[in-house]
Amino acid sequence: MSLVSQARSLGKYFLLLDNALVILGFFMVFPLISIHFVDQLGWAAMAVGLALGVRQLTQQGLGIFGGAIADRFGAKPMIVTGMLLRAAGFAAMAMADAPWILVASCVLSGLGGTLFDPPRTALVIKLTRTHERSRFYSLLMMQDSAGAVIGALVGSWLLQYDFHYVCWAGAAIFVLAATCNAWLLPAYRISTIRAPMREGMMRVLRDRRFVSYVLTLTGYYMLTVQVMLMLPIVVNDIAGSPTAVKWMYAIEAALSLTLLYPIARWSEKRFRLEQRLMFGLLIMTLSLLPVGLVTSINPLLLLIGFFYMGSIIAEPARETLGASLADARARGSYMGFSRLGLALGGVIGYTGGGWMYDTGRALEVPELPWFLLGIVGFITLTGLYWQFNLRRIEPAMLSGN
């Protein structure tokens, strides 16, 4: 094995270790925020959704700046600093006894993610070859699912004693992750050139195809973030216990660990990336529509299972498609900007989802938020179809073919 191949192999193993810690620390805390503050403390779902949405907007909306900084100064200092900020945010969350403190802790956590997420994503592109990238993303997703289950299990167990323990445990995991990166991560350059920050950001903003793709995904993320807000609340309401949330992540883990990699291998040889993304999104949309009509836990978990199946099909394709559109001269900036759809979808999905949930409850129309999310899903599908299919047809028509 050549030195370059050996370095790539070791780098990928480190990425898997790093990802395991990040996912474990995140899912130990965030899925339980809505349960603690809405169900246990009686706060309005909209207030909690606002805090979660602000975190999402801070982290993903400012991602292009975090990516541009990493392009300029390298991945390691940004990742270590960002993880320590995330730990500080979790520590502050443990003391949240008013909505503004929760919002402030979420902002601090989001700023940490702004620094560490784009360079970590850019390192995946740097250390994987094109033909293996989709499969590596599938491995990361499998790891995400297992980490989500373990994190939710540990978090749910700690929540029985005190939410403070949940936050402090999550903070400790991110301190450990920062230590591992400071000790083990080489000083990688994530872009082929070291250009000024403004140049990297402008290169992204001038790329109309990439910008259009990122913004179209806003609706997709409005659906996915409900795994952190409305779905845990509904599971808790119907099951009558916050520990039931762990079954959501157990379903995701079981499906991901058994089906994600085989589906990715099978579909990548038969379907284009955009087809896989749209089909997965269609399944996710159809599975959310009936949630408001469900009154028992088993049908609800079945629908959640279908939702995760759609995500299993869509997510590797979405990540690989975004990576394939990125310019190697500004990987950090591209990967930072790629999170803007998540930022917009997150803040709208969290805040709007919380408002829709409160409104549906007040009007005694529990199916309202899920019906509106279904409409969002179909609009997003239309946007993706136009972008990847009609744009391909138009040049042929103009040329007379």
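Visitor: Help me out: how do you make sense of helix 12 (residues 230-239) in this one?
Guide: Side chains of residues three or four places apart in an α-helix project in the same direction, reflecting 3.6 residues per turn. Helix 12 sits mainly inside the fold: seven of its 10 residues count as buried. The set of residues buried in helix 12 consists of Met230, Leu231, Pro232, Ile233, Val234, Val235 and Asn236. Backbone geometry just downstream of helix 12 places Gly240 in the positive-phi region, at approximately 80 degrees.

Visitor: Help me out: how do you make sense of the environment of Met46 in this one?
Guide: Position of Met46 among the secondary structure elements: in helix 3 (residues 45-61). It is 9.7 Å that separates the C-alpha atoms of Met46 and Thr359, two residues lying 313 residues apart in sequence. Beyond its immediate sequence surroundings of up to four residues, Met46 is in contact with Thr351, Gly354, Trp355 and Asp358.

Visitor: Help me out: how do you make sense of the packing of helix 6 (residues 99-127) against helix 7 (residues 130-159) in this one?
Guide: Angle between the axes and distance between the axes: these two values describe a pair of packed helices. Put simply, helix 6 and helix 7 touch, their axes get as near as 10 Å, and they point 140 degrees apart. Overall, the two elements helix 6 and helix 7 adopt an arrangement that is oblique. In this structure, helix 6 crosses over helix 7, and the sense of that crossing is right-handed. Judged by residue contacts, Val124, Ile125 and Leu127 of helix 6 engage Glu132, Arg133, Phe136, Tyr137 and Leu140 from helix 7.

Visitor: Would you mind showing me how to read the pattern of salt bridges here?
Guide: Where side chains of opposite charge bring their charged atoms close, a pairing between them can arise. Throughout the structure, instances matching the rule amount to five salt bridges. Across the pair Arg120 and Asp18 runs a salt bridge, and its minimum N-O distance is 2.5 Å. Pair noted here: Arg120 is in helix 6 and Asp18 is in helix 1 (residues 3-29), with a separation of 102 residues, a long-range link. A salt bridge links Asp237 to Arg361; the shortest N-O distance between them is 3.4 Å. Here Arg361 lies in helix 17 (residues 340-362) and Asp237 lies in helix 12, a separation of 124 residues in the sequence. When salt bridges that share partners are traced, they join Glu315, Arg318 and Glu319 into one network.

Visitor: I keep staring at the layout of surface pockets and nothing clicks. Help me out?
Guide: Which parts of space are left empty comes out when a probe the size of a water molecule is rolled across the atoms. Space inside the largest pocket adds up to approximately 260 Å³. Residue lining of the largest pocket: 16 residues in total, with Val234, Asp237, Gly292, Tyr357 and Pro366 positioned closest to the centre. Those elements giving two or more residues to the lining of the largest pocket turn out to be helix 12, helix 17 and helix 18 (368-398). Of the residues in the lining of the largest pocket, the class split is 10 nonpolar, three polar and three charged. Taken as a whole, the second largest pocket encloses approximately 160 Å³ of empty space. Around the second largest pocket, the lining residues are Ile263, Trp266, Ser267, Phe271, Gln275, Arg276, Phe279 and Ile313. For the lining of the second largest pocket, the secondary structure elements donating two or more residues are helix 13 (245-268) and helix 14 (273-288). Within the lining of the second largest pocket, the residues separate by chemical class into five nonpolar, two polar and one charged.

Visitor: Explanation requested: empty space enclosed by the protein in the structure shown.
Guide: In the structure shown here, the tally under the stated rule is three cavities of 30 Å³ or more. Within this model, the largest cavity holds a volume of roughly 1,100 Å³. Ile23, Phe27, Asp144, Glu315 and Glu319 are, among the 39 residues lining the largest cavity, the residues nearest its centre. Contributing elements (two or more residues each) for the lining of the largest cavity: helix 1, helix 3, helix 6, helix 7, helix 11 (218-224), helix 13, helix 15 (297-324) and helix 17. Every residue lining the second largest cavity is listed: Phe210, Tyr213, Val214, Leu217, Tyr221, Arg318, Glu319, Gly322, Ala323, Met335, Ser338 and Arg339. Listed by contribution, the elements that provide at least two residues to the lining of the second largest cavity are helix 10 (208-216) and helix 15. With four residues, the single largest contributor to the lining of the second largest cavity is helix 15.

Visitor: Explanation requested: unusual backbone geometry in the structure shown.
Guide: Most of the time, phi is negative for any residue but glycine, and the peptide bond is trans. One non-glycine residue with positive phi stands out, namely Glu364, at about 55 degrees. Assessed through its relative accessible area of 70%, Glu364 is described here as exposed.

Visitor: Help me understand a nonpolar patch on the surface, please; the structure alone is not making it clear to me.
Guide: Together, Phe279, Leu282, Leu286 and Phe378 make up an exposed nonpolar region whose accessible area comes to about 350 Å². Top contributing element to the nonpolar patch by residue count: helix 14, with three residues. Take Leu282: it is sitting in helix 14. On the basis of relative accessible area, Leu282 is assigned to the partly exposed category, the value being 30%.

What counts as what
- Residues numbered from 1 in each chain as written.
- Predicted model: local features only at pLDDT ≥ 70, side-chain atom pairs only at ≥ 80, totals over all residues.
- Heavy atoms only, no water.
- Buried < 20%, exposed > 50% of the residue type's maximum accessible area, 1.4 Å probe, protein only.
- Helix = DSSP H or I, 4+ residues; strand = E, 2+ residues; numbered from the N terminus.
- Contact = heavy atoms within 4.5 Å.
- Axes fitted to C-alpha atoms, helices over the stretch in contact; angles between N-to-C directions.
- Parallel < 35°, antiparallel > 145°, perpendicular 65-115°, else oblique.
- Left-handed = near helix turned anticlockwise from the far one by under 90°.
- Salt bridge = Lys/Arg side-chain N within 4 Å of Asp/Glu carboxyl O.
- 1 Å grid on protein atoms, 1.4 Å probe; cavity = no way out; pocket = protein on both sides within 12 Å on 5 of 7 lines; lining within 4 Å.
- Points joined across faces, edges and corners; volume = space filled by probe spheres on them.
- Nonpolar A, V, L, I, M, F, W, Y, C, P; charged D, E, K, R; others polar.
- Patch = residues over 30% accessible without salt bridge, like charges linked within 9 Å, V, L, I, M, F, W, Y side chains within 5 Å.
- Areas by Shrake-Rupley, 256 points an atom, 1.4 Å probe, with all protein chains shown as cover.

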